[in-house]
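Listed below are the residues making up each chain.
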Amino acid sequence: MLTRDELERYDRQIMIRGLGEEGQEKLKQTKVFIAGAGGLGCSASIYLAAAGIGVIRIVDHDKVELSNLNRQVLHWDENIGMGKANSTAEKLKKQNPGVKIEAIAEAITEANISQLIAGFDLIIDAMDNLPTRYLLNKAAIGKNIPFFHGAVYGFEGRVMTIIPGKTACLQCVYHGAITPEEKFPVIGVTPAVVGCIQVTEVIKYIAGIGKLLTNRLLIYDGLNLKFTELKIKKDPNCEHCSHLVTKE
Amino acid sequence: MSIKVDIPYFFQYLADGVEVAEVNGSTVGECLEDLIKQFPNIKQLLFTKSGKLDMFRDIYVSGESIYPEGLAKPVKDGDELYIAILVAGG
């Protein structure tokens, strides 16, 4: 049940046809897991909190560095040296006290992933490397949790929504390829845009409105301000999802 | 037969700044060969030293991945090739 304050806080989005009070109540009942408190994690968490998601768990084992501040907008000069998960949680709690924020300063590994995501309804991919993304993808499919992929490089971004058992997954797109772990170029506005698209997908999914970015990889090209869609098919030999029956 | 190739921004410095190139070929592999004829420096960003397509690249023909056919995937007049670069930053 939404409180009087909540009805006022979320008034403008409750006005959206298809969302309404019912959709807002669903947002309040949803628990979202965010993997990573970097550029994408900051952007995504701000708008999830603003939208009134019930519980946000943000996981990151890194500490804030000066070179993060061009894009990781929830971390400030005063937070340098602080854990990113806690730095993010500190701001989000002030931004919207009605949202329960959980910060976990741990690396996501094969050993702990199952425990970390247990009880969560949705997973946002805000990682900075592919091996952990594959771990998340596999775990999300194993636990039947929708997975919202995002990635950035320079002025470019990628976004895709994965519904286990129904749509192509991250492994279907990249077939296990990994990039070398190295410092990558990025301007802050790119994860801002990509993180916001991920959250748009999350809200649509929860409310059951619109058309999800499934079986489509969205390429965001900030330099030419162009969005390109690539068709993605379920790989019948996918190591992560081919065992699941397509329900579409 | 005319095929257009969208050259990624990251490659354009090796292609005289060209954003879209016109190539000929009946397969993706032939089209990329023609692209490399026009812009030889692009080869290092597309293929490994052993001549295989770099695992960090994926080619899409008019929006569809060449997987699993790979470079042998046929193309038809008017198709557009998109070179997608594997992106992993966050």
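Everything here concerns the structure above.
Note that this is a predicted model, so its numbers are computed, not measured.

Asks: So what's going on with the overall build of chain B? Residues and values would help.
Replies: Along its length, chain B carries three helices and five strands. A compact globule built from 90 residues would reach a C-alpha radius of gyration of about 12 Å, and chain B, at 12 Å, matches this within 12%. Overall size of chain B, expressed as C-alpha extent along the three principal axes, is 35 × 30 × 25 Å. Taking all contacts inside chain B whose residues are at least 6 apart in sequence as the whole, residues at least 24 apart take part in 52%.

Asks: Account for the overall build of chain A, with residues named and values stated.
Replies: The helix and strand tally for chain A stands at nine helices and eight strands. Computed over the C-alpha atoms, the radius of gyration of chain A is 17 Å, within 12% of the 18 Å expected from 2.2 N^0.38 for a compact globule of 248 residues. Taken over the C-alpha atoms alone, chain A extends approximately 50 × 40 × 40 Å along its principal axes. Out of the 248 residues in chain A, the part that is buried amounts to 46%. The contacts of chain A with a sequence gap of at least 6 include a subset with a gap of at least 24, amounting to 68%.

Asks: Pulling in residues and values, what's your account of the packing of helix α4 (residues 39-51) of chain A against helix α5 (residues 84-95) of chain A?
Replies: Residues and elements named next belong to chain A. Packing of α4 against α5 leaves a shortest axis separation of 10 Å and a crossing angle of 25°. Judged by the angle between their axes, α4 and α5 are roughly parallel. Between α4 and α5 lies a crossing whose hand is right-handed. Every residue of α5 that contacts α4 at Gly 41, Cys 42, Ser 45, Ile 46, Ala 49 and Ala 50 is listed here: Thr 88, Leu 92 and Gln 95. Looking at the contact of α4 with α5, its residues break down into five nonpolar, four polar and no charged.

Asks: Describe the interface of chain B and chain A, listing the residues and the values that go with them.
Replies: Of the residues lining the interface, 15 residues belong to chain B; the matching set on chain A comes to 28 residues. Of all the secondary structure elements, the ones that give two or more residues to the side of chain B that touches chain A are β4 (64-65) and β5 (80-85) of chain B. A per-class count over the side of chain B that touches chain A returns ten nonpolar, four polar and one charged.

Asks: Explain α5(A) to me, and be specific about the residues and the numbers.
Replies: All names here are of chain A. Here α5 contains twelve residues, and its C-alpha end-to-end distance of 17 Å stays within 8% of the 16 Å for a straight helix at 1.5 Å per residue. Taken together, the buried positions of α5 are Lys 84, Ala 85, Ser 87, Thr 88, Ala 89 and Leu 92. Against the buried residues of α5 lie α4, β2 (55-59) and β3 (100-104).

Asks: Give a description of the pairing of strand β1 (residues 31-35) of chain A that names residues and reports values.
Replies: Residue and element names in this part refer to chain A. Most of β1 is tucked away: four of the five residues are buried. Relative to β2, β1 runs parallel, the two sharing five bridges. If you follow Phe 33 over to β2, its bridge partner there is Arg 57. Between β1 and its parallel partner β2, the chain crosses via α4, and the hand of that crossover is right-handed. Relative to strand β4 (residues 122-125), β1 runs parallel, the two sharing four bridges. By the bridge assignment for β4, Ala 35 is matched with Asp 125.

Asks: Account for the environment of Thr132(A), with residues named and values stated.
Replies: Mapped onto the fold, Thr132(A) is located in helix α7 (residues 130-142). Sequence separation of Thr132(A) and Thr109(A) is 23 residues, and the distance between their C-alpha atoms is 7.3 Å.

Asks: Give me the lowdown on the pairing of strand β8 (residues 226-231) of chain A, citing residues and values where you can.
Replies: Put simply, side chains in a regular strand alternate between the two faces of the sheet. In this sheet, β8(A) lies alongside strand β7 (residues 216-221) of chain A in antiparallel orientation, the contact comprising six bridges. Considered in β8(A), the bridge of Leu217(A) is made with Leu230(A).

Asks: How would you sum up α7(A)? Please name residues and give values.
Replies: Residue and element names in this part refer to chain A. End to end, α7 covers 18 Å across 13 residues, agreeing with the expected 18 Å (1.5 Å per residue, within 8%). Buried residues along α7 sit against β1, α6 (113-117), β4, β5 (147-153), β6 (156-162) and α8 (170-174). Asn 144, located one to two residues past α7, shows a positive phi value of around 60°.

Asks: So what about unusual backbone geometry? Which residues, and what values?
Replies: Along the chain, Tyr67(B) connects to Pro68(B) via a cis peptide bond; the corresponding omega equals 5°. With a phi close to 60°, Asn144(A) is a non-glycine residue in the positive phi region. Looking at where Asn144(A) falls in the secondary structure, it is placed in the loop between α7 and β5.

Parameters at a glance
- Residues numbered from 1 in each chain as written.
- Chains lettered and ligands numbered in written order.
- Predicted model: local features only at pLDDT ≥ 70, side-chain atom pairs only at ≥ 80, totals over all residues.
- Helix = DSSP H or I, 4+ residues; strand = E, 2+ residues; numbered from the N terminus.
- Rg over C-alpha atoms; globule rule 2.2 N^0.38 Å.
- Contact = placed C-beta atoms within 7 Å.
- Buried ≥ 20, exposed ≤ 12 C-beta atoms within 10 Å, placed from the backbone.
- Axes fitted to C-alpha atoms, helices over the stretch in contact; angles between N-to-C directions.
- Parallel < 35°, antiparallel > 145°, perpendicular 65-115°, else oblique.
- Left-handed = near helix turned anticlockwise from the far one by under 90°.
- Nonpolar A, V, L, I, M, F, W, Y, C, P; charged D, E, K, R; others polar.
- Expected span 1.5 Å × (residues − 1).
- Pairing = 2+ DSSP bridges.
- Right-handed = clockwise from strand over helix to strand, strands pointing away.

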